[in-house]
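As a plain string of letters, each chain reads:
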Amino acid sequence: MERPFVSVVIPAYNSASTIADTIEGCLNQDYPMDKIEIIVVDDGSTDRTKEVAVQYPIKYVFQRKSGPAAARNKGCQFAGGQLIFFTDADCVPAKE
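Residues numbered from 1 in each chain as written. Predicted model: local features only at pLDDT ≥ 70, side-chain atom pairs only at ≥ 80, totals over all residues. Heavy atoms only, no water.

Caption draft 1: Fine view of the pairing of strand S1 (residues 6–12). Of all 7 residues making up S1, 7 are buried, and the element is well covered by its neighbours. In terms of strand pairing, S1 meets strand S2 (residues 36–43) through 7 bridges, oriented parallel. Within S2, the residue paired with valine 9 across the bridge is isoleucine 39. For the handedness criterion, the β-α-β arrangement of S1, helix H1 (residues 19–27) and S2 is classed as right-handed. Bridge count between S1 and strand S4 (residues 83–86): 4 bridges; the pairing is parallel. In the strand pairing of S4, valine 6 is matched with leucine 83. (Buried < 20%, exposed > 50% of the residue type's maximum accessible area, 1.4 Å probe, protein only. Helix = DSSP H or I, 4+ residues; strand = E, 2+ residues; numbered from the N terminus. Pairing = 2+ DSSP bridges. Right-handed = clockwise from strand over helix to strand, strands pointing away.)

In structure tokens form, the structure reads like this:
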């Protein structure tokens, strides 16, 4: 059975100090990397969130501050996955 393409949506607000660990955790999954896309939705950050996030092979989306629920919804608009997963910008997903 072929594995589905998945999107991981990460809402972020002033997350420069944690977003790299979150993105790296997503990139280091025990899942084929050609089947994963990572979408960071920056919810109006005023720190270096963008500068840190765009160093990685992700989709970066900016929106004016609207809250995490709106950021998740915005991420879904850009998602191409058959499945959509959410994690927060201060969480590091386990490899499996």
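Read on, since the account is not over.
Caption draft 2: Region of the structure containing the side chain of threonine 87. By the secondary structure assignment, threonine 87 is in the segment after S4. Using a relative accessible area of 15% as the deciding quantity, one classes threonine 87 as buried. When residues no more than four places from it in sequence are discounted, the contact partners of threonine 87 are Val8, Val9, Ile10, Pro11, Thr22 and Cys26. (Contact = heavy atoms within 4.5 Å.)

Caption draft 3: Fine view of the nonpolar core. One finds Ile10, Ile19, Ile23, Ile38, Val40 and Ile58 to be the most contacted residues of the largest nonpolar core, which totals 17 residues. Contributing elements (two or more residues each) for this core: S1, H1, S2 and helix H2 (49–53). Looking at this core, the element that brings in the most residues is H1, giving 5 residues. Non-local contacts of isoleucine 23, meaning those with residues more than four positions away in its chain, are made with Ile10, Ile38, Val40, Ala53, Tyr56 and Ile58. Within the second largest apolar cluster, 5 residues are counted, among which are Val9, Ile39, Val41 and Val61. (Core = buried A, V, L, I, M, F, W, Y, C linked by side-chain atoms within 4.5 Å.)

Caption draft 4: Representation of the environment of alanine 12 within the structure. One can find alanine 12 in strand S1. The class of alanine 12 is buried, set by a relative accessible area of 1%. For the pair formed by alanine 12 and proline 68, sequence separation is 56 residues and the distance between their alpha carbons is 7.5 Å. For alanine 12, the residues in contact, after removing those within four places along its chain, are Ile19, Val40, Val41, Asp42, Asp43, Ser45, Thr49 and Ala89.

Caption draft 5: Layout of the side chain of lysine 35. Along the chain, lysine 35 turns up in the loop between H1 and S2. For lysine 35, a relative accessible area of 17% translates into the label buried. Engagement of the side chain of lysine 35 in a polar contact is seen with the backbone oxygen of arginine 3, the distance being 3.4 Å. Contacts of lysine 35, omitting those with residues within four sequence positions, involve Glu2, Arg3, Pro4, Phe5 and Val6. (Polar contact = N/O pair within 3.5 Å; in protein donor to acceptor, adjacent residues only side chain to side chain.)

Caption draft 6: Representation of the pattern of salt bridges in the model. Within this structure, the stated rule accounts for 3 salt bridges. The salt bridge partner of glutamate 37 is lysine 59, with a shortest N-O separation of 2.9 Å. Placement of glutamate 37 in strand S2 and of lysine 59 in strand S3 (residues 59–63) is noted, with a sequence separation of 22 residues between them. In this structure lysine 59 comes out as partly exposed when scored by relative accessible area, which is 35%. Measuring nitrogen to oxygen at the nearest pair gives 3.1 Å for the salt bridge that ties aspartate 88 to arginine 72. Of this pair, aspartate 88 sits in the segment after S4 while arginine 72 is found in helix H3 (residues 68–78), placing the two residues 16 residues apart along the sequence. (Salt bridge = Lys/Arg side-chain N within 4 Å of Asp/Glu carboxyl O.)

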